[in-house]
Structures are given as structure tokens and as C-alpha cells.
Amino acid sequence: MLNDFICPHCEGHMMVAGHIIFAAVKKKDNITGIILLDPRIGDYTSVLHPSFKVEEGDEVDFLCPMCHKSLAAKDVHERLVHIIFVDERDEKYEIFFSGVAGEHCTYKITEAKIESVGKSSEKYLKYFKLCDKYKSML
Ligand SMILES: [Zn+2]
């Protein structure tokens, strides 16, 4: 099996044509759109329909395109987005990234620790320390 990303709610497959596909709502004006993200951790390239404009600092609610549930990681921080990475051995890892445009940070939860990458990764690391589920990993 190839690397894949799935929804933590419905386990629907989100990787299509080399991108992770999200439905999205820009919080400041409730405009909806589709966002395609690069699956490589640490690559923050995104593809949006030209009519869906997101500017630096805009908060975006990422939704599963299948079950339409919000992917906001409310137990850690509402601005973080939570999805599941499935590797070629079918191992699952929790992935978190910022839903704020221009904030580059990704967190990968492995068995015993949290790996963080990106220039903004310090910003949310402290919220994992406040979360019972993850604080022992830091
Ligand atoms: Zn879903």
C-alpha cells in the first residue's frame, strides 16, 4: 500500500492525484473552497481554486471532503488541523499542521515522541504539553 492520508473521523482516503484534498472554510468571511496540500511533510505548497483567495494570516477551518467534519484539533489547539498518515507498512501516525495561512509547522506523533518541523513549529508545541494525551511525549 502507498502512503496515504485518512480522515480521523470517517477514515476516508484523502490522497488523490498526489495531493491531500480538503474542503475549507475561511473563518473571517465564511467563504468555502477546496485546498490541495503537498503530502511531503515540511512542504507547504498549496493549490487553491483561483476564486478561493486566502491571505497570509487568514484562519482556515479544514474539513474532510467526505464526511464534512471539521479537522480542527480542538483537544490541542483549535488552529491546528489533525489528519492521519498511513505509511507503506500500514502504520498510522497522527499529523497536525497549522490552519493559519503562512504559519509553517507540522507535528508528527510517533510511538513515543512528537516530531516537529517548520519555521513556526515552536508556536504550538506548548499546547501539546498541556494536552494529557501528548504531554508525556515532550
Ligand atoms: Zn471524514
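These lines cover the structure that appears in this document, whether it is placed above or below. On a predicted model such as this, the values are computed, not experimentally measured, just so you know.

**Some thoughts on the overall build of the protein**
Then, number 1: For the protein, the helix and strand inventory stands at 1 helix and 11 strands.
Then, number 2: The order of helices and strands in the protein, counted from the N terminus, is β-β-β-β-β-β-β-β-β-β-β-α.
Then, number 3: Against the compact-globule benchmark of 14 Å for 138 residues, the protein has a radius of gyration of 14 Å, which places it among compact chains.
Then, number 4: Dimensions of the protein along its principal axes, counting C-alpha atoms only, are 45 × 35 × 25 Å.
Then, number 5: Residue burial in the protein is summarised as follows: out of 138 residues, 43% are buried.
Then, number 6: Sequence-distant contacts in the protein: of pairs separated by 6 or more residues, those separated by 24 or more amount to 43%.
Then, number 7: As presented, the protein carries roughly 7,700 Å² of accessible surface, and 52% of it is formed by carbon and sulfur atoms.

**A short note on the layout of surface pockets**
One way to see where empty space is left: roll a probe the size of a water molecule over the atoms.
Then, number 1: Each pocket or cavity is described by its volume, and for the largest pocket that value is around 460 Å³.
Then, number 2: Lining the largest pocket are 31 residues, with Leu37, Tyr44, Ser46, Phe97 and Ser98 sitting closest to its centre.
Then, number 3: Put simply, the parts of the chain that give the lining of the largest pocket at least two residues each are strand S3 (19–26), strand S4 (31–37), strand S5 (46–48), strand S6 (60–63) and strand S9 (92–98).
Then, number 4: Ranked by the residues each element gives to the lining of the largest pocket, the list is headed by S9, at 3 residues.
Then, number 5: Looking at the lining of the largest pocket residue by residue, the class counts come to 18 nonpolar, 8 polar and 5 charged.

**Digging into empty space enclosed by the protein**
Then, number 1: Within the structure shown, the criterion is met by 1 cavity of 30 Å³ or more.
Then, number 2: Reported here for the largest cavity is a volume of approximately 50 Å³.
Then, number 3: Around the largest cavity sit Lys27, Glu59, Val60, Asp61, Phe62, Ala72, Glu78, Arg79, Leu80, Val81, Gly99 and Val100, which together line it.
Then, number 4: At the level of secondary structure, the elements contributing two or more residues to the lining of the largest cavity comprise S6 and strand S8 (77–86).
Then, number 5: At 4 residues, S8 tops the list of elements feeding residues into the lining of the largest cavity.
Then, number 6: Looking at the lining of the largest cavity residue by residue, the class counts come to 6 nonpolar, 1 polar and 5 charged.

**Considerations on the packing of aromatic side chains**
Then, number 1: Summed over the entire model, instances satisfying the criterion amount to 10 aromatic pairs.
Then, number 2: Consider the rings of phenylalanine 22 and phenylalanine 97, whose centres lie 5.8 Å apart with planes at 70°: the pair is edge-to-face. Of this pair, phenylalanine 22 sits in strand S3 while phenylalanine 97 sits in strand S9, and the two are 75 residues apart along the sequence.
Then, number 3: Grouped by ring-pair contacts, the aromatic residues Phe96, Tyr107, Phe128 and Tyr134 constitute a single cluster.
Then, number 4: Here the basic side chain of lysine 108 rests over the ring of tyrosine 93, its NZ or CZ set 4.6 Å away from the ring centre.

**Regarding the side chain of aspartate 87**
Then, number 1: Considering the arrangement of structural elements, one finds aspartate 87 in the loop between S8 and S9.
Then, number 2: If near-sequence neighbours (up to four positions away) are discounted, aspartate 87 is found in contact with Asn3 and Tyr93.

**Section: helix H1 (residues 122–129)**
Then, number 1: Those residues of H1 lying buried are Tyr124, Leu125 and Phe128. Looking straight down H1, one finds that the buried residues subtend no more than 125° of arc, so they occupy a single side.
Then, number 2: Considering only its buried residues, H1 is in contact with S8, S9, strand S10 (106–109) and strand S11 (114–117).

Rules used throughout
Residue numbers run consecutively from 1 along every chain, following the written order of its sequence. Note on the predicted model: pLDDT of at least 70 is required for a residue's local features to be given, and 80 or more for side-chain atom pairs to be given and counted; whole-chain, interface and lining totals, by contrast, use all residues. Side-chain numbers come from the whole structure's heavy atoms, not from hydrogens or water. In this text, helices come from DSSP runs of H or I with a minimum length of four residues, and strands from runs of E with a minimum of two, each type numbered from the N-terminal end. It is over C-alpha atoms that the radius of gyration is taken, and the globule rule equals 2.2 Å times the number of residues to the power 0.38. Each residue is placed in one exposure class: buried if its accessible area under a 1.4 Å probe, protein chains only, is under 20% of its type's maximum, exposed if it is over 50%, and partly exposed if it falls in between. Any two residues whose heavy atoms approach within 4.5 Å at even a single point are treated as in contact. Per-residue accessibility takes into account occlusion by the displayed protein chains alone, with areas from the Shrake-Rupley method and a 1.4 Å probe. A 1.4 Å probe that fits but cannot get out identifies a cavity on a 1 Å grid over protein atoms alone, an open set with protein on both sides within 12 Å along at least five of seven lines counts as a pocket, and a residue lines either if it has an atom within 4 Å of a point. Grid points are joined across faces, edges and corners, and a volume is the space filled by probe spheres set on the points. By the convention adopted, Pro, Cys, Tyr, Trp, Phe, Met, Ile, Leu, Val and Ala count as nonpolar, Lys, Arg, Asp and Glu as charged, and the other residues, Gly among them, as polar. Aromatic rings from Phe, Tyr and Trp, with only the six-membered ring used for Trp, were paired whenever their centres fell within 6.5 Å, and each pair was classed as stacked if the ring planes differed by under 30 degrees, edge-to-face if by over 60, and tilted otherwise. To sit over a ring, a charge needs its Lys NZ or Arg CZ within 6 Å of the ring centre and within 35 degrees of the ring normal. The arc in question is the one traced by the directions running from the helix axis out to the C-beta atoms.

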